[in-house]
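One letter stands for each residue in the lines below.
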Amino acid sequence: IIIFEAKTGEKPFSNFSLLQLYYPLIYLRSIIQEPKPIRTIFIDITTVNNRETYRLLEVHFKDDMFDQVEVLSVCEY
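This write-up is about the structure you can find in this document. (Residues numbered from 1 in each chain as written. Predicted model: local features only at pLDDT ≥ 70, side-chain atom pairs only at ≥ 80, totals over all residues. Heavy atoms only, no water.)

### What to know about unusual backbone geometry
Notably, Asn49 is not glycine yet its phi reads approximately 55°, a positive angle. Examined against the element boundaries, Asn49 turns out to sit in the loop between strand E2 (39-48) and strand E3 (51-61). The exposure class assigned to Asn49 is exposed, which follows from its relative accessible area of 75%. You will see that Asp64, though not glycine, has its phi angle at about 55°, which is positive. Relative to the helices and strands, Asp64 resides in the loop between E3 and strand E4 (69-76). Given the relative accessible area of 23%, Asp64 is considered partly exposed. (Helix = DSSP H or I, 4+ residues; strand = E, 2+ residues; numbered from the N terminus. Buried < 20%, exposed > 50% of the residue type's maximum accessible area, 1.4 Å probe, protein only.)

### Quick word on the sheet that holds strand E1 (residues 2-9)
A sheet is described by the order of its strands in space; here 4 strands give the open sequence E1-E2-E3-E4, paired in mixed fashion. The sheet is open, and its two edges are formed by E1 and E4, each paired on a single side. Neighbouring strand axes in the sheet, compared pairwise and without regard to direction, differ in orientation by 20° on average. As defined by bridge partners, E1 adjoins E2 across 8 bridges and the pair is classed as parallel. Bridging across to E2, Glu5 finds its partner in Phe42. In this fold helix H1 (residues 19-31) packs onto E1, E2 and E3, with an angle of close to 160° to the strand it touches most, E1. (Pairing = 2+ DSSP bridges. Axes fitted to C-alpha atoms, helices over the stretch in contact; angles between N-to-C directions. Contact = heavy atoms within 4.5 Å.)

### Overview of the nonpolar core
Burial of nonpolar side chains together is a common tendency in soluble globular proteins. Ranked by size, the top nonpolar core spans 8 residues in total: Ile3, Leu21, Tyr22, Leu25, Ile38, Phe42, Val59 and Phe61. Sort the elements by how many residues they give to this core and H1 lands first, with 3 residues. Setting aside chain neighbours within four positions, we find Val59 in contact with Leu18, Leu21, Thr40, Val69 and Glu70. (Core = buried A, V, L, I, M, F, W, Y, C linked by side-chain atoms within 4.5 Å.)

### Quick look at the packing of aromatic side chains
Given two aromatic rings, their pairing is described by the distance between the two centres and the angle made by the two planes. For the coordinates displayed, the defined rule picks out 4 aromatic pairs. On the basis of an interplanar angle of 50° and a centroid distance of 6.3 Å, the ring pair of Tyr22 and Tyr23 is categorised as tilted. Note on Tyr22: relative accessible area 14%, which makes it buried. Ring centres of Phe61 and Phe66 lie 6.3 Å apart, and the angle between their planes is 15°; this geometry places the pair in the stacked category. Taken together through their ring pairs, the aromatic side chains of Tyr22, Tyr23, Phe61 and Phe66 make up a single cluster. (Phe/Tyr/Trp six-rings, centres within 6.5 Å; stacked < 30°, edge-to-face > 60°.)

Below is the structure:
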């Protein structure tokens, strides 16, 4: 299961609320009968002069704790 949170604008986002990824994670964990891996990914879409840039940031909440966050990977396309 992959949870996406996406933002779009004319300049890259320098911050966003991790709660937008955390709440769906906790909700899915509470309703899924069998344990499954869940990935949380933030997508930042920037459009300048009709050119789009996609930045993806995969975030992991260690032990499903909000205050134990680590960035697993970052990509830009």
